[in-house]
Amino acid sequence: MKKILLLMVFLCSTIFAEVEDWDNYQWPRTYFASIGFSVIANRGDFFDHTAKIKTDKVPEHTISFPITKVLVSPDYNIGVNIREFTLAGSFQYWSITGTIGNDYPENLNEQKMRYWRFGAEFTYNFFYPDVFQVGVGLGYSFTSIKTNKSAFDGKDYSDAEVMGSGIALVTNMKYFITEHFGLCPSLRIYENWFKAANTKATGTQDFNSYLWQTYIAVSINAIVQF
């Protein structure tokens, strides 16, 4: 967290140092949408731990996590460019079959997993307004992972969804082939803390302690700007 705060101070000081006369500063805007795909590697508590949730009315549920260390997901983005600055919303959604760890029964070991993430990002684009620009910034996201039959109450297995938030370092490169079309490879490094889970029997319950998972997403997107 200290490294994230230091990075925020550095980015703010860089941005304000670039602008010498704010009173006469011009703010031209363009809007964009992009679509592509991401390859997402992740490491952390999911592969070493289970989590437990309970209520006063139902038995304690043990949540196990899919050992899916690499995901491939479509990547969607919309946003606005205001001179050197970009504000964007990003979205990823995909479902795959994952392997559940922690000595799960062999006949239940592979289950369908649904992953989705929604994020907001702020970047500063160096070399604006050239056709080639380098963006550096920060992002915040909400992530949900739902896995079939990953909760066990001592008798039966049921579906479980885990939810959490994350802060990211965002970097990208934009190359505009024309005024309205370009390509954008990017790298996002998210540090996520998962703090709650939902099952049909228990509803949404908080964990006693956070589960941490690091996501490194490499994406390539086609951009339409107008």
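Residues numbered from 1 in each chain as written. Predicted model: local features only at pLDDT ≥ 70, side-chain atom pairs only at ≥ 80, totals over all residues. Heavy atoms only, no water.

Draft legend 1. Here's a closer look at the pairing of strand β1 (residues 29-44). Where β1 meets strand β4 (residues 70-82), 13 bridges bridge the pair, whose relative direction is antiparallel. Note that in β4 the partner of Y31 across the bridge is V80. Relative to strand β10 (residues 203-225), β1 is paired through 13 bridges, and the arrangement is antiparallel. If you follow F32 over to β10, its bridge partner there is Q225. (Pairing = 2+ DSSP bridges. Helix = DSSP H or I, 4+ residues; strand = E, 2+ residues; numbered from the N terminus.)

Draft legend 2. Spotlight on the pattern of salt bridges. By the definition in use, this model includes 4 salt bridges. In this structure, E121 engages R188 in a salt bridge whose closest nitrogen and oxygen atoms are separated by 2.6 Å. In this pair, E121 is assigned in strand β6 (residues 110-126) and R188 in strand β9 (residues 181-199), connecting sequence segments 67 residues apart. With relative accessibility at 4%, the residue R188 sits in the buried group. A single network of salt bridges, built from pairs that share partners, joins D75, E121 and R188. (Salt bridge = Lys/Arg side-chain N within 4 Å of Asp/Glu carboxyl O. Buried < 20%, exposed > 50% of the residue type's maximum accessible area, 1.4 Å probe, protein only.)

Draft legend 3. Structural view of unusual backbone geometry. Note the cis peptide between Y128 and P129, where omega equals 5°. Here P129 lies in the loop between β6 and β7 (132-152). Positioned with a positive phi, R83 is a non-glycine residue whose angle comes to about 50°. Structurally, R83 is set in the loop between β4 and β5 (85-99). Judged by its relative accessible area of 22%, R83 falls in the partly exposed class. The phi dihedral of K149 is positive, around 50°, even though this residue is not glycine. By secondary structure assignment, the location of K149 is in strand β7.

Remember that the coordinates give geometry; whether it matters functionally is a separate question.
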